Amino acid sequence: MTELERLVDFHKHGERQGPGSAAQTLKALNLLGVADTRGLNVADIGCGTGAQTMVLAENADCRITAVDLFPEFLERLRDRAMLKARGEGITTLEASMDSLPFDDETFDLIWSEGAVYIMGFEEGIRDWKRYLKPGGYLVVSEISWITPSRPKELEDYWMNAYPQMDSISRKISLLEKHGYSPVAHFILPEYCWTENYYNPILSRIPGYLAEQENSAEVRAFAESEREEIDLYNRYKEYYSYVFYLARKTS
Ligand SMILES: C[S@@+](CC[C@H](N)C(=O)[O-])C[C@H]1O[C@@H](n2cnc3c(N)ncnc32)[C@H](O)[C@@H]1O
């Protein structure tokens, strides 16, 4: 298995593939003020196994195109959707976020939780804008600095892992630069990382190691997951995912 295949194989068993919660997805949806809008056309980009897709489907009058690169995640999403009352409004699409097959001005709302970093925040918000109808909304969660300064060890780690890691004010400036009006932003609370994402990972690791016969490759994978969690536990006051809500204005 390649490193990427290993990631997918492990994370396909998770409820979600990044920090977040149903309550925070709902908070973002409510802040948009679209509760009374009928028939919203929504794209959920980098949907994973669909944690946020389900919340959107259940709480907005919408049809959703849920996009991910990996069919294993989309298959789990379809299983989940089948069990939900509004699940029939969800269509899955296997595609890469940097070459989407959509026509211009297709969507009222583009949603992307914990995924735009894959093509880079600036490239994502810039390239996806054309798929939004005039006045359409963009909602993305993006890892960001939440304090004005931070320890060098942490800064070095993130500059290496994700050079676009930046402050909230700079992310908002980028939205404005690329023709969006900021609507709101808020920081994901700690439980979204710990209870909802890292703790389930830690509890799945022993079973996964046993299932994969404790191979050196899987041990290395488990170690890198634990390292990321350790970094978060040591430095969580300096960074988090931040939800950015914006409206296409030009
Ligand atoms: C951190 S996960 C977030 C998943 C989900 N939104 C959540 O919060 O649980 C990032 C997602 O992006 C997907 N992904 C990775 N590369 C992609 C690409 N080039 N195009 C579309 N999706 C991609 C991954 O498969 C994964 O589901």
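It should be emphasised that the depicted structure is a prediction, and the values quoted were computed from it without experimental measurement.

A. The overall build of the protein chain, seen in detail. Looking only at helices and strands, one finds 9 helices and 7 strands in the protein chain. For 250 residues, the compact-globule formula gives about 18 Å, and the C-alpha radius of gyration of the protein chain, at 18 Å, lands near that figure. Referenced to the eigenvectors of the C-alpha coordinate spread, the extents of the protein chain come out at roughly 50 × 45 × 30 Å. In the protein chain, buried positions account for 49% of the 250 residues. Put simply, of all contacts in the protein chain between residues at least 6 apart along the chain, 77% involve residues at least 24 apart.

B. Quick peek at the site of the ligand. Surrounding the ligand, one finds 18 residues, the nearest of these being Gln17, Gly46, Asp68, Met97 and Glu113. Here an oxygen atom of the ligand sits 2.9 Å away from a polar atom, N or O, in the main chain of Gln17. At 3.3 Å, a backbone N or O of Leu69 approaches a nitrogen atom of the ligand. Burial of the ligand by the surrounding chains reaches 91%, relative to a free accessible area of 590 Å².

C. Geometry of the packing of helix 1 (residues 3–11) against helix 8 (residues 190–211). Close contact between helix 1 and helix 8 brings their axes to 11 Å; oriented N to C, the two are set at 105°. Here helix 1 lies roughly perpendicular to helix 8, going by the angle between them. In contact with Arg6, Asp9, Phe10 and His11 of helix 1, helix 8 contributes Tyr197, Ile201, Arg204, Ile205 and Tyr208. Split into classes, the residues belonging to the contact of helix 1 with helix 8 amount to 5 nonpolar, 1 polar and 3 charged.

D. Spotlight on helix 3 (residues 51–59). By the criterion of burial, helix 3 is predominantly enclosed, with 7 of the 9 residues buried. Within helix 3 the residues assigned to the buried category are Ala51, Gln52, Thr53, Met54, Val55, Leu56 and Ala57. Among the structural elements, helix 2 (22–32), strand 1 (40–45), strand 2 (62–68), helix 4 (71–82), strand 3 (90–94) and strand 4 (107–113) are those in contact with the buried residues of helix 3.

E. Here's a closer look at the nonpolar core. Within the largest apolar cluster, 77 residues are counted, with the highest numbers of intra-cluster contacts made by Ile110, Trp111, Phe121, Trp128, Leu138, Trp158 and Tyr239. Considering each element in turn, this core owes the most residues, 8 residues, to helix 8. Those residues in contact with Ile110 that sit more than four places away from it in its chain are Ala43, Ile45, Trp128, Tyr131, Leu132, Tyr137, Leu138 and Val139.

F. Quick peek at a negative patch on the surface. On the surface, Glu5, Glu72, Glu75, Asp79 and Glu94 cluster together into a patch of negative charge. Counting residues per element, the negative patch draws most heavily on helix 4, which supplies 3 residues. For Glu72, the position within the fold is in helix 4. Its relative accessible area of 34% is what places Glu72 among the partly exposed residues.

G. Up close: the sheet that holds strand 2. Within the open sheet, the 7 strands sit side by side as 3-2-1-4-5-7-6. Their pairing is mixed. Taken across any chain shown, the strands that pair with only one partner, and hence form the sheet edges, are strand 3 and strand 6 (180–187). On average, each strand axis in the sheet is tilted by 20° relative to the strand beside it, whichever way the strands run. As paired strands, strand 6 and strand 7 (residues 239–248) are joined by 7 bridges and run antiparallel to one another. Its bridge partner being in strand 7, Tyr180 is matched across the sheet by Lys248.

H. Region of the structure containing the packing of aromatic side chains. Taken as a whole, this structure holds 20 aromatic pairs when the rule is applied. Between Phe70 and Phe73, the aromatic rings sit 6.2 Å apart at their centres with planes inclined by 80°, giving edge-to-face as the arrangement. Classification of Phe73 as buried rests on a relative accessible area of 8%. Ring centres of Tyr157 and Trp158 lie 5.2 Å apart, and the angle between their planes is 85°; on these two criteria the pair is classed as edge-to-face. The partly exposed category is assigned to Tyr157, whose relative accessible area is 35%. An aromatic cluster of at least three residues, connected via ring pairs, comprises Tyr157, Trp158, Trp193, Tyr197, Tyr198, Tyr232, Tyr239 and Tyr241.

I. Expanded view of the environment of Gly46. Its place among the elements puts Gly46 in the loop between strand 1 and helix 3. Residues in contact with Gly46, not counting those within four places in the same chain, are Val67, Asp68, Glu113 and Ala115.

J. A look at the packing of helix 6 (residues 152–161) against helix 9 (residues 216–235). Remark: helix 6 packs on helix 9, axes separated minimally by 11 Å, with the N-to-C direction vectors making an angle of 140°. Between helix 6 and helix 9, the angle falls in the class oblique. Pair helix 6 / helix 9 crosses with left-handed handedness. Taken together, the residues of helix 9 that come into contact with helix 6 (itself represented by Glu153, Leu154, Tyr157 and Trp158) are Leu231, Arg234 and Tyr235.

Rules and cut-offs
Residues numbered from 1 in each chain as written. Predicted model: local features only at pLDDT ≥ 70, side-chain atom pairs only at ≥ 80, totals over all residues. Heavy atoms only, no water. Helix = DSSP H or I, 4+ residues; strand = E, 2+ residues; numbered from the N terminus. Rg over C-alpha atoms; globule rule 2.2 N^0.38 Å. Buried < 20%, exposed > 50% of the residue type's maximum accessible area, 1.4 Å probe, protein only. Contact = heavy atoms within 4.5 Å. Near = heavy atom within 4 Å. Polar contact = N/O pair within 3.5 Å; in protein donor to acceptor, adjacent residues only side chain to side chain. Areas by Shrake-Rupley, 256 points an atom, 1.4 Å probe, with all protein chains shown as cover. Axes fitted to C-alpha atoms, helices over the stretch in contact; angles between N-to-C directions. Parallel < 35°, antiparallel > 145°, perpendicular 65-115°, else oblique. Nonpolar A, V, L, I, M, F, W, Y, C, P; charged D, E, K, R; others polar. Core = buried A, V, L, I, M, F, W, Y, C linked by side-chain atoms within 4.5 Å. Patch = residues over 30% accessible without salt bridge, like charges linked within 9 Å, V, L, I, M, F, W, Y side chains within 5 Å. Salt bridge = Lys/Arg side-chain N within 4 Å of Asp/Glu carboxyl O. Lys, Arg positive; Asp, Glu negative; His and termini not counted. Charge placed at Lys NZ, Arg CZ, Asp CG, Glu CD. Pairing = 2+ DSSP bridges. Phe/Tyr/Trp six-rings, centres within 6.5 Å; stacked < 30°, edge-to-face > 60°. Left-handed = near helix turned anticlockwise from the far one by under 90°.

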